[in-house]
Amino acid sequence: QVQLVESGGGLVQAGGSLRLSCVVTGYVFIVGGMGWFRQAPGKQRDLVADITSDGNALYKEPAKGRFSNCRDNDTNTMTLQMDSLKPEDTAAYYCNAMIAAYPCGDYDDDWGQGTQVTVSS
């Protein structure tokens, strides 16, 4: 089964840094676009950053200028470096990926289980 395994969340003080990772495992032929979403209690799930299969990343406010998203296609790993963290960054962060499991197969929109990021004041 295809799985997106996230890690790197934790508790950090405002101004600190965290590094989130998402590894795609299982029967995978191609991993297309990937992205990070976050959701705080009572809030909708919003896009933070995404990245194309060739490594072009885009960032949504308020992450722009503080976060950096990259990927390693040899290991099917996406990494989000988060610097200058703010309390409003507190949320569950979810990995998303478009995955084709076999040649000529359709791309499925898959999600990880989430990793909690908590930023204290």
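Asker: Talk me through the pairing of strand E10 (residues 107-111); I want residue IDs and the actual numbers.
Answerer: Both strand E9 (residues 91-100) and E10 contribute to a ladder of 5 bridges, which runs antiparallel. The residue of E10 that forms the bridge with Asn96 is Trp111. Here E9 folds back onto E10 in antiparallel fashion, the turn holding 6 residues, of which Cys104 has a positive phi close to 70 degrees.

Asker: Could you give an account of the environment of Val28, with specific residues and numbers?
Answerer: Looking at the secondary structure, you find Val28 in the loop between strand E3 (18-25) and strand E4 (30-39). Given the relative accessible area of 24%, Val28 is considered partly exposed. C-alpha separation for the pair Val28 and Gly55, spaced 27 residues apart in sequence, amounts to 18 Å.

Asker: Which residues make up the environment of Asp54, and what values go with them?
Answerer: Considering the arrangement of structural elements, one finds Asp54 in the loop between strand E5 (46-51) and strand E6 (57-59). A relative accessible area of 60% means that Asp54 is categorised as exposed. Expressed as a C-alpha distance, the spacing of Asp54 and Asp74, which sit 20 residues apart in the sequence, is 12 Å. Engagement of the side chain of Asp54 in a polar contact is seen with the side chain of Thr52, the distance being 2.3 Å.

Asker: Lay out the packing of aromatic side chains with the relevant residues and their values.
Answerer: In the structure shown here, the tally under the stated rule is 1 aromatic pair. The ring centre of Tyr94 lies 3.7 Å from the NZ or CZ of Arg45, which sits over that ring. The ring of Trp111 carries Arg45 above its face, with NZ or CZ at 5.0 Å from the centroid.

Asker: Which residues make up the pairing of E9, and what are the values?
Answerer: Where burial is concerned, most of E9 is hidden: 9 out of the 10 residues are buried. Strand direction decides the pairing type here: E4 and E9, joined by 8 bridges, are antiparallel. Within the sheet, the bridge partner assigned to Trp36 lies in E9 and is Cys95. Where E9 lies against strand E11 (residues 115-120), 3 bridges are found, and the strand directions are antiparallel. Its bridge partner lying in E11, Ala91 is registered against Val117.

Asker: With reference to specific residues and values, describe the nonpolar core.
Answerer: One finds Met34, Trp36, Phe67, Met82 and Tyr93 to be the most contacted residues of the largest nonpolar core, which totals 25 residues. Elements that contribute at least two residues to this core include exactly E3, E4, E5, strand E8 (77-82), E9 and E11. In contact with Met34, other than residues within four places in its own chain, are Cys22, Val24, Asp50, Ile51, Arg71, Met78, Cys95, Asn96 and Ala97.

Asker: Could you give me a rundown of the state of the cysteines, with the residues and numbers involved?
Answerer: Within the structure shown, the criterion is met by 1 disulfide. Shown here is the disulfide that connects Cys22 with Cys95, its sulfur atoms set 2.0 Å apart. Measuring the twist about the S-S bond at about -75 degrees, one finds the Cys22-Cys95 disulfide to be left-handed. Taken together, the residues span a long stretch of sequence, with Cys22 in strand E3 and Cys95 in strand E9 at a distance of 73 residues. As far as the burial class goes, Cys22 and Cys95 line up, both buried. Not engaged in a disulfide, the cysteine Cys70 finds its nearest cysteine sulfur in Cys22; these two sulfurs lie 12 Å apart. Overall, Cys70 belongs to the partly exposed group, its relative accessible area being 38%.

Definitions and cut-offs
- Residues numbered from 1 in each chain as written.
- Predicted model: local features only at pLDDT ≥ 70, side-chain atom pairs only at ≥ 80, totals over all residues.
- Heavy atoms only, no water.
- Pairing = 2+ DSSP bridges.
- Helix = DSSP H or I, 4+ residues; strand = E, 2+ residues; numbered from the N terminus.
- Buried < 20%, exposed > 50% of the residue type's maximum accessible area, 1.4 Å probe, protein only.
- Polar contact = N/O pair within 3.5 Å; in protein donor to acceptor, adjacent residues only side chain to side chain.
- Phe/Tyr/Trp six-rings, centres within 6.5 Å; stacked < 30°, edge-to-face > 60°.
- Lys NZ or Arg CZ within 6 Å of the ring centre and 35° of its normal.
- Core = buried A, V, L, I, M, F, W, Y, C linked by side-chain atoms within 4.5 Å.
- Contact = heavy atoms within 4.5 Å.
- Disulfide = S-S within 2.5 Å.

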